[in-house]
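Each chain is listed here by its residues.
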Amino acid sequence: MTRHFLNLSDLGRDGLIATLDRADRLKAQRGTTNERPLAGKSVALVFEKASTRTRLSLEVAVAELGGHPIVITSQGSQLGRGEPLKDTARVLTRMVHAVTLRTSDESRILEVMEYSTVPVLNALTDQSHPMQLLADLQTVRAHFGKLEGLTYAWIGDGNNMASSWIEAAGLLGLHLRLACPEGYDPDERFWNEARERGARLELVRSAAEAAQGAHVVSTDVFTSMGQEEESATRLRAFEGFRVDRALLQRAAKDAVVLHCLPAHRGEEIEEEVLEGPQSIVWDQAEARLHTAKAVLLWALGMDG
């Protein structure tokens, strides 16, 4: 059976922990081993949206595992000229061993999965960003030595990142508070599934309330790719939701700050916080590499 990675739930709780464990080992072994499990294999990295960390981490991950990464963008392929996605999917599946896709609506990656006989991995959709969450979880666990027993705060839009945080809370039983303005709530599908799994979720309208006593404070841009025309409206709606030094005074004394980047300094996060001692953003960015390796190996059945 082909192992696709649409969301964290595809790993399950045990698989999620095992993938984080594998990522930790790969991080520790980096530069010290000649193992090349992807030798002779090619992975198509398809980008319909711009990317820095996702593209860099996946290219380096495939290369360091001994495989051949092939980057395909809309502008540099027939996708940009309107070739049906299912046609591209059927060609890819005959030539490569796995496909990662960064796209807009989730329906596009589901279409690729339908026509692919090789693993397809979600490198971001408008609905979720599970690869980023793997990195976030690895970073938090490396810092605190655990994931359970912490209070997590999400400040900002109920976007794809919020959805994946909610999913992680459901799988791991985390306590997660989300502060979102009215009209920008998280996806009910992820919320309801996580609640059914036993997640301790709270939705509040105040960033200060969400941050109170939190050990992990996460945020993201208020205006994501494709929402540029909404920027002025969103900035008004998210007034008071910036992660700044005053907000962190309400968090736990040992609290850390996460941001998946790129950051709009001065909007969703204060420059002094992003560059400050409580920020573990750069560790978080590096973790994209180690977790990308781990989930690729899982998808290809090399996680034993």
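A brief report on the enclosed structure follows. Just so you know, these numbers come straight off a predicted model, no measurement behind them. (Residues numbered from 1 in each chain as written. Predicted model: local features only at pLDDT ≥ 70, side-chain atom pairs only at ≥ 80, totals over all residues. Heavy atoms only, no water.)

1. Let's talk about the pattern of salt bridges
Selection rule: Between Lys or Arg on one side and Asp or Glu on the other, a salt bridge is scored when a side-chain nitrogen of the former is within 4 Å of a carboxyl oxygen of the latter. Numbering of helices and strands runs from the N terminus; a helix is a DSSP stretch of H or I covering at least four residues, while a strand is a stretch of E covering at least two. Accessible area is worked out with a 1.4 Å probe on protein chains only. A residue is then buried under 20% of its type maximum, exposed over 50%, and partly exposed in between.
With the rule as written, the count across this model stands at 20 salt bridges. With a shortest N-O distance of 3.0 Å, Asp-303 and Arg-3 are connected by a salt bridge. Placement of Asp-303 in the segment after helix H12 (281-299) and of Arg-3 in the segment before helix H1 (12-29) is noted, with a sequence separation of 300 residues between them. We classify Arg-3 as partly exposed; its relative accessible area is 31%. Of the charged contacts in the structure, one is a salt bridge between Arg-13 and Asp-14, with a shortest N-O distance of 3.9 Å. Take Arg-13: its relative accessible area is 39%, and that puts it in the partly exposed class. Of the residues examined, Asp-14 reaches a relative accessible area of 60% and is grouped as exposed. One connected set of salt bridges, linked through shared partners, spans Arg-13, Asp-14 and Glu-148.

2. A short note on the sheet that holds strand S5 (residues 151-155)
Put simply, the rule reads: Here, any two strands with at least 2 DSSP bridges between them count as paired. Working convention: axes come from line fits to C-alpha atoms, limited for helices to the stretch in contact. Angles between N-to-C directions cover 0 to 180 degrees. Pairs of residues are marked as contacts when any of their non-hydrogen atoms sit within 4.5 Å.
Pairing in this open sheet of five strands is parallel, and the strands run S7-S6-S5-S8-S9 from one edge to the other. Looking at strand neighbours, the two that pair on one side only are strand S7 (200-204) and strand S9 (256-259), the edges of this open sheet. In this sheet, adjacent strand axes meet at a mean angle of 20 degrees when their direction is disregarded. With five bridges joining them, S5 and strand S6 (residues 175-179) adopt parallel strand pairing. Within S6, the position partnered with Trp-154 by the bridge is Leu-178. Contacts from helix H7 (residues 188-197) reach S6 and S7 within the one sheet, and its direction differs from that of S7 by about 140 degrees.

3. As for the side chain of Thr-100
Looking at the secondary structure, you find Thr-100 in strand S3 (residues 98-102). With a relative accessible area of 0%, Thr-100 lands in the buried category. Once residues within four sequence positions are removed from consideration, Thr-100 is found in contact with Val-43, Ala-44, Leu-45, Val-46, Leu-58, Leu-121, Ala-123, Met-131 and Leu-296.

4. A word on the packing of helix H2 (residues 53-64) against H12
We apply this condition: Geometric relationships in this document are graded by angle, where less than 35 degrees denotes roughly parallel, more than 145 denotes roughly antiparallel, 65 to 115 denotes roughly perpendicular, and other angles denote oblique. Two helices that cross are described as forming a left-handed crossing if the nearer one is turned anticlockwise from the farther one by less than a right angle, and a right-handed crossing if clockwise.
Following both chains from N to C, one finds H2 and H12 inclined at 50 degrees, their axes separated by 8 Å at the closest point. Comparing the axis directions of H2 and H12 gives the class oblique. Note on packing geometry: the crossing formed by H2 with H12 is right-handed. Contacts between H2 and H12 pair Arg-53, Thr-54, Ser-57, Leu-58, Val-60, Ala-61, Val-62 and Glu-64 from the former with Ala-285, Arg-288, Leu-289, Ala-292, Lys-293 and Leu-296 from the latter.

5. A few points about empty space enclosed by the protein
Quick note on the threshold: Cavities and pockets are found on a 1 Å grid laid over the protein atoms alone: a cavity is a set of points where a 1.4 Å probe fits but cannot escape, a pocket is an open set with protein on both sides within 12 Å along at least five of seven lines, and a lining residue has an atom within 4 Å of such a point. Grid points are joined across faces, edges and corners, and a volume is the space filled by probe spheres set on the points. Residue polarity follows a fixed list, in which Ala, Val, Leu, Ile, Met, Phe, Trp, Tyr, Cys and Pro are nonpolar, Asp, Glu, Lys and Arg are charged, and the others, Gly among them, are polar.
The tally for this structure, following the rule as stated, stands at two cavities of 30 Å³ or more. Top element by residues in the lining of the largest cavity is helix H3 (residues 85-93). It accounts for four residues. Among the residues making up the lining of the largest cavity, the classes are represented as eight nonpolar, one polar and no charged. Estimated volume of the second largest cavity: approximately 30 Å³. If you go around the second largest cavity, the residues you meet are Asp-136, Trp-154, Met-161, Trp-165, Ser-218, Thr-219, Leu-258, His-259, Cys-260 and Gln-284.

6. Looking at unusual backbone geometry
Following Leu-261, the chain continues to Pro-262 via a peptide bond in cis, the omega torsion being 0 degrees. With a phi close to 135 degrees, Leu-124 is a non-glycine residue in the positive phi region. Looking at where Leu-124 falls in the secondary structure, it is placed in the loop between strand S4 (120-122) and helix H5 (130-144). Leu-124 gets classed as buried once you look at its relative accessible area, which sits at 6%.

7. Side note on the layout of surface pockets
If you add up the space inside the largest pocket, you get close to 650 Å³. As for the largest pocket, its lining consists of 31 residues, of which Leu-124, Asn-160, Asp-220, Ser-224 and Met-225 are closest to the centre. Counting residues per element, the ones that place at least two in the lining of the largest pocket are H2 and helix H6 (160-172). If you tally residues by element for the lining of the largest pocket, the top one is H6, at three residues. Looking at the lining of the largest pocket residue by residue, the class counts come to eight nonpolar, 15 polar and eight charged. Forming the walls of the second largest pocket are 14 residues, and the residues nearest its centre are Leu-26, Gln-29, Thr-33, Glu-35 and Leu-65. Those elements that place two or more of their residues in the lining of the second largest pocket are H1 and H12.

Don't take any of this as a statement about function, it's just geometry.
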